[in-house]
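Each chain is listed here by its residues.
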Amino acid sequence: MPTSTSTLLGSPDEHHSRQVTTLAFGSCHNRRLLEKYHAETGDTKSIWKSVAEQRPDAWLWTGDAVYLPKRKGVGSVQSLVDEYNEMLYIRNEQTASEPLTLQYGEVVKYVVPLGAFGTWDDHDYGANDRGNDMPQREPRRDAFLDFLDVPQDSPRRHREGVYNSITFGEGDKKVKVIFLDTRWHRDSHLIPSLASSKIPLGSVLACLTRWFSAAQLPERQKDYDGTVLGEEQWQWLERQVEDSDASVNVIVSSIQVFTTNPAVESWGHFEKERDRFVRTIQDLPGLVILSGDVHHAELLGAGPILEVTSSGMTHSCTGPFYGVLCEHILDSFNTHRKQSDFPSGSNGYYTDKNFGTLKIDWHSKTPTFTVNVHDHSGKIVLSTVRALSNSSKLSEMEIQRIPKLAEDHNIPTFQIATTISLVASLLLIVLMIW
């Protein structure tokens, strides 16, 4: 339990006095796919066992903690509750202590001393790509807060969204984690997504329309006034940043901030919002952004601001949907990745199942934090180090030069290919309906 809570706008929702050295994080967890993987491969080591081996002080959800059995349309609140309960299920203590078969509920109860915290994304919100048009947002919020064991008398129970903050430690060894809600207030994309509709191939069509708007309508995309956070959350975030006295500041956004890949949901589809976001957070010391959603891991950023994506605890972009195109797409849209963030010979991304850790070295002469991405077995596959003293400040020119969606691919051939793909998909959908 937290040592204190607060209702003040700039104060953390929870404060734990315990000093932390390791935070683990992850996203995109489908328990049915995890069960299928173990049944088909015979691999008895759960990814949660690999998480436990890192001995984290806390677990951070960066979105999509659950997936509903029904992938089309809008899932019911009760179906979300059922999924959360399945995630929290704990076997008897003797079975739960078996070294290879740990599951999420057991890790949270027996392994992670400070528990689990987090935000949601579209699937634990209840429907693919949905934003402020989602029905029954309040009971969905309550179900998610129940999943995270948030007290019934917490002010978060009355908040429009699941955004929240927490601090760990004291003095110059304090860590602040700010979780954003990129769903509750978020407007539709420039071309509204059909991913949660019952139209065949709706998710594919949603990717193509996002791609099309970035490639063919860049000026309209630039001028689009849609919001990601909503003004109430913006004011809260600004105060959270202004009042932070932490040496390490972690901001969790369920969708990527700096990617140039136009097919995925990201802040890049809301350029004015991303510009405001960068200006808001850039003065924070020891800054790192954690994101999820995209079913691959990646080291990316803008100038000195680091973003680390860990996505796909149970599935990856090399499976159904992108398939063999996954790595080609990641190689094609790469201007948001800096070679200085990863070793020579690495491409800065990882396309198999993964989770992440943030490890803080408080005791070195120059304190640092290291962000690692681990594969299913726990092996480190991506890693980057930052000194806590590093500045994240960007000049006005650097802000203006943050790569836009599809910026390096906005050429006639690319535009034509995108248009042909979109038209072909529409024709295919019409034929399927017909």
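Provided above is the structure to which this section pertains.
Presented here is a report on the structure given in the accompanying data block. These figures come from a predicted structure and were not determined experimentally.

For the rest of this paragraph, the subject is the nonpolar core. Formed by 64 residues in total, the largest nonpolar core has its most connected members in Trp48, Trp59, Trp61, Phe168, Val175 and Val177. Within the second largest apolar cluster, 29 residues are counted, among which are Ile178, Ile281, Leu284 and Ile305.

What follows deals with the packing of aromatic side chains. The way to describe two aromatic rings as a pair is by their centre distance and the angle between their planes. Counted according to the given criterion, the structure contains 18 aromatic pairs. Consider the rings of tryptophan 48 and tryptophan 61, whose centres lie 5.8 Å apart with planes at 70°: the pair is edge-to-face. One end of the pair, tryptophan 48, is in helix H2 (residues 47-53); the other, tryptophan 61, is in strand E3 (residues 58-61), and 13 residues separate them in sequence. By relative accessible area, which is 0% here, tryptophan 61 ends up buried. Pairing tryptophan 59 with tryptophan 61 gives two aromatic rings, centres 5.4 Å apart and planes at 85°, and the pair type is edge-to-face. Judged by its relative accessible area of 2%, tryptophan 59 is buried. Cluster of aromatic residues (ring-pair linked, three or more members): Trp48, Trp59, Trp61, Tyr84, Tyr104, Trp120, Tyr125, Phe144 and Phe147.

To continue, consider the side chain of histidine 374. Of note, histidine 374 is situated in strand E13 (residues 368-375). Relative accessible area serves as the criterion here: at 1%, histidine 374 is assigned to the buried category. Of note is the side chain of histidine 374, whose polar atom sits 2.8 Å from the backbone oxygen of glycine 378. When residues no more than four places from it in sequence are discounted, the contact partners of histidine 374 are Gln54, Lys353, Asn354, Phe355, Gly356, Thr357, Lys379, Ile380 and Val381.

The strands that make up a sheet pair up through hydrogen bonds in the backbone, lying either parallel or antiparallel. If you walk across this open sheet you meet the 6 strands as E4-E3-E2-E12-E13-E14, and the pairing is mixed. Every other strand in the sheet has two partners, leaving strand E4 (116-118) and strand E14 (380-387) as the edge strands with one partner each. For this sheet, the mean angle separating the axes of adjacent strands, direction not counted, is 20°. Looking at chain direction, strand E12 (residues 354-361) and E13 are connected through 8 bridges and run antiparallel. The residue bridging phenylalanine 355 from the neighbouring strand is histidine 374, located in E13.

With that settled, consider the sheet that holds strand E1 (residues 14-16). Pairing is mixed across the open sheet formed by 8 strands, whose spatial order is E1-E5-E6-E7-E8-E10-E9-E11. In the strand order of this sheet, the two ends are held by E1 and strand E11 (349-350), each with one partner. Bridge count for strand E5 (residues 164-168) against strand E6 (residues 175-179) is 5 bridges, and the pairing is antiparallel. When the sheet's bridge partners are listed, serine 165 is paired in E6 with isoleucine 178. Those strands touched by helix H11 (residues 271-281) are strand E7 (248-253), strand E8 (287-291) and strand E10 (305-309), and its axis lies near 140° from that of E8.

Reading guide: rules and limits
Residues numbered from 1 in each chain as written. Predicted model: local features only at pLDDT ≥ 70, side-chain atom pairs only at ≥ 80, totals over all residues. Heavy atoms only, no water. Core = buried A, V, L, I, M, F, W, Y, C linked by side-chain atoms within 4.5 Å. Buried < 20%, exposed > 50% of the residue type's maximum accessible area, 1.4 Å probe, protein only. Phe/Tyr/Trp six-rings, centres within 6.5 Å; stacked < 30°, edge-to-face > 60°. Helix = DSSP H or I, 4+ residues; strand = E, 2+ residues; numbered from the N terminus. Polar contact = N/O pair within 3.5 Å; in protein donor to acceptor, adjacent residues only side chain to side chain. Contact = heavy atoms within 4.5 Å. Pairing = 2+ DSSP bridges. Axes fitted to C-alpha atoms, helices over the stretch in contact; angles between N-to-C directions.

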